[in-house]
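Chain and residue survey
Listed here are the chains, written in short residue letters.
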Amino acid sequence: ELRADREFVLEAVRQSGQGLWYVAAELRADREFVLEAVRQSGRALQYTAAELSADREVVLEAVRQDGSAMAYAALELRTNGGRVIR
């Protein structure tokens, strides 16, 4: 299935991070894959596995790309005064 084909999907996500919505669940939970996606489109953070929306590095990369991505960060990061940077 193409949704689980890492190389194919990564290229699609490079074109639009929003494409992460269509990716197989195991890739949305793959930290390295998600980092690449949010570097392309910070808003892709909204489609990641819950544990990755709480990952400081993933959120930081997303917010660097698009500040509005903070809205998709896990509650504990959003309620920390927005301090994602280490």
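To start, this report covers the structure provided alongside it.

What counts, and where the lines are drawn
- Residue numbering note: each chain is counted from 1, following its sequence as written.
- A pLDDT threshold of at least 70 governs which residues receive local features in this predicted model, and a stricter bar of 80 or more applies before side-chain atom pairs are shown or counted, although totals over entire chains, interfaces and linings include all residues.
- Side-chain metrics rest on all non-hydrogen atoms present in the structure, leaving aside hydrogens and water.
- Simply put, an axis is a line fit to the C-alpha atoms, just over the touching stretch for a helix, and the angle between two N-to-C directions goes from 0 to 180 degrees.
- Under the scheme used here, helices are H or I runs from DSSP no shorter than 4 residues and strands are E runs no shorter than 2 residues, and both carry numbers assigned from the N terminus.
- Reported orientations rely on four angle classes, namely roughly parallel under 35 degrees, roughly antiparallel over 145, roughly perpendicular from 65 to 115, and oblique for the rest.
- Contacts are assigned to residue pairs with any non-hydrogen atoms lying within 4.5 Å of each other.
- Note: crossing handedness is left-handed where the near helix turns anticlockwise from the far helix by less than a right angle, and right-handed where it turns clockwise.
- Residues are grouped as follows: Ala, Val, Leu, Ile, Met, Phe, Trp, Tyr, Cys and Pro are nonpolar; Asp, Glu, Lys and Arg are charged; every other residue, Gly included, is polar.
- Salt bridges are defined as contacts in which a side-chain nitrogen from Lys or Arg sits within 4 Å of a carboxyl oxygen from Asp or Glu.
- The buried label applies to any residue whose accessible area, calculated with a 1.4 Å probe on protein chains only, is under 20% of its type's maximum; exposed applies above 50%, and partly exposed to all values in between.
- The arc under discussion is defined with respect to the helix axis, by the directions toward the C-beta atoms.
- Under the rule applied, a polar contact is a pair of N or O atoms within 3.5 Å (in protein, one hydrogen donor and one hydrogen acceptor; residues adjacent in sequence only if both atoms are side-chain atoms).

Two elements in contact, helix 1 (residues 6-15) and helix 3 (residues 31-40), have axes separated by 9 Å at closest approach and are oriented at 20°. Considered as vectors, helix 1 and helix 3 are oriented roughly parallel to each other. Contacts from Arg 6, Val 9, Leu 10, Val 13 and Arg 14 of helix 1 reach helix 3 at Glu 32, Phe 33, Glu 36, Ala 37 and Gln 40.

Running from N to C, helix 3 and helix 4 (residues 56-65) cross one another at 15°; their axes reach a closest spacing of 7 Å. Between helix 3 and helix 4, the angle falls in the class roughly parallel. Crossing handedness for the pair helix 3 and helix 4: right-handed. Of the residues in helix 4, those touching helix 3 at Arg 31, Val 34, Leu 35, Val 38, Arg 39 and Gln 40 are Glu 57, Val 58, Glu 61, Ala 62 and Gln 65. Here the contact of helix 3 with helix 4 is built from residues that sort into 5 nonpolar, 2 polar and 4 charged.

For the rest of this paragraph, the subject is the pattern of salt bridges. Summed over the entire model, instances satisfying the criterion amount to 8 salt bridges. Two residues, Asp 30 and Arg 6, come together in a salt bridge whose shortest N-O distance is 2.9 Å. One end of the pair, Asp 30, is in the loop between helix 2 (25-28) and helix 3; the other, Arg 6, is in helix 1, with 24 residues separating them in the sequence. Overall, the relative accessible area of 33% leaves Arg 6 in the partly exposed class. For Glu 57, the salt bridge is made with Arg 31, and the minimal N-O distance between the two is 2.6 Å. Here Glu 57 is found in helix 4, whereas its partner Arg 31 is found in helix 3, with 26 residues between them in sequence. Judged by relative accessible area, Glu 57 falls into the partly exposed class, the value being 26%. One salt-bridge network, in which partners are shared between bridges, spans Arg 31, Glu 32, Asp 55 and Glu 57.

Once that is clear, we can look at helix 1. Looking at helix 1, one finds that the buried residues are Val 9, Leu 10 and Val 13. On an axial view of helix 1, the arc spanned by its buried residues comes to 105°, and they lie on one face. Facing away from the buried side of helix 1 by more than 90 degrees, the exposed set consists of Glu 7 and Gln 15. The N-cap residue of helix 1 is Asp 5: its side-chain oxygen and the backbone nitrogen of Glu 7 are 3.2 Å apart.

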